[in-house]
Amino acid sequence: MQHLPTPQTRQALVGAIPNLRAFALALCGDPVRADDLVQETLVKAWHKLDTFEEGTSLKSWLFTILRNTFYSEYRRRRRETSDPDGEHAAKLKSQPSQHSALELNELMKAMDLLPPDQREALLLVGAEGLAYEEVAAITGCAVGTVKSRVNRARAKIAKMLDGETNDLPGDRPRTSLTA
């Protein structure tokens, strides 16, 4: 029989939702799918809460569940293509009216051009503020590998945004579960 979590654990689960959603949105690029991914993560975490080791990072544990759920579904769906030429997606775009929105859009497109392992490491370290050690535990690789991925990702994005590479942010589709 599953034991009920402590009030502190329940509060930590609820408190992690915004960070989980931001990470899920960055991974899949679709707000609806990101919400579904967070919900699936929380359901899995709730059912496996008895396997969580008190005293360890609940946030890292949740990010690991979310990441594994995303990649499991990605592998399962990668052969599906609902909009291979991007015509439908192009019709849904609207150009931002503010300069900062343009810059953010350019940054997101540059992030989309990064290899998934580099994008993931950069998001966890840069956007979520996790330590390299936590990211290494989440991704299952060495701390040095995480540092290298983050460094390469930052350098590639800087070159793309400065126009120093031919890999300019453009029409390359995001790797996601929805595409």
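Residues numbered from 1 in each chain as written. Predicted model: local features only at pLDDT ≥ 70, side-chain atom pairs only at ≥ 80, totals over all residues. Heavy atoms only, no water.

**What to know about the overall build of the chain**
Okay, so step 1: Counting its regular elements, the chain contains 9 helices and 0 strands.
Okay, so step 2: Secondary structure elements of the chain, listed N to C terminal, follow the sequence α-α-α-α-α-α-α-α-α.
Okay, so step 3: Counting every position in the chain, which comprises 179 residues, the buried fraction comes to 32%.
Okay, so step 4: Within the chain, counting contacts between residues at least 6 apart in sequence, those at least 24 apart form 69% of the total.
Okay, so step 5: A total accessible area of about 10900 Å² is found for the chain, and carbon and sulfur atoms account for 52% of it. (Helix = DSSP H or I, 4+ residues; strand = E, 2+ residues; numbered from the N terminus. Buried < 20%, exposed > 50% of the residue type's maximum accessible area, 1.4 Å probe, protein only. Contact = heavy atoms within 4.5 Å. Areas by Shrake-Rupley, 256 points an atom, 1.4 Å probe, with all protein chains shown as cover.)

**With respect to a nonpolar patch on the surface**
Okay, so step 1: Taken together, the side chains of Leu104, Leu107, Met108 and Leu161 present a nonpolar region at the surface, about 300 Å² in accessible area.
Okay, so step 2: The dominant element in the nonpolar patch, judged by the number of residues it contributes, is helix α6 (residues 99-113), at 3 residues.
Okay, so step 3: With respect to the helices and strands, the residue Leu161 is situated in helix α9 (residues 143-162).
Okay, so step 4: Leu161 gets classed as partly exposed once you look at its relative accessible area, which sits at 34%. (Patch = residues over 30% accessible without salt bridge, like charges linked within 9 Å, V, L, I, M, F, W, Y side chains within 5 Å. Salt bridge = Lys/Arg side-chain N within 4 Å of Asp/Glu carboxyl O.)

**So, the side chain of Thr139**
Okay, so step 1: Summarising the element assignment, Thr139 is placed in helix α8 (residues 132-139).
Okay, so step 2: On the accessibility criterion, Thr139 (13% relative accessible area) is buried.
Okay, so step 3: The residues touching Thr139, leaving out its near neighbours within four places in the chain, are Arg67, Glu120, Leu124 and Val146.

**Section: the confidence of the model for the chain**
Should pLDDT be low for a region, the predicted coordinates there are not to be read in detail.
Okay, so step 1: Mean pLDDT over the chain stands at 82; residues scoring 70 or higher make up 80%.
Okay, so step 2: In the predicted structure, residues 168-179 sits below a pLDDT of 50 and forms 37 contacts with residues beyond four places in sequence or in another chain. (pLDDT = per-residue confidence, 0-100.)

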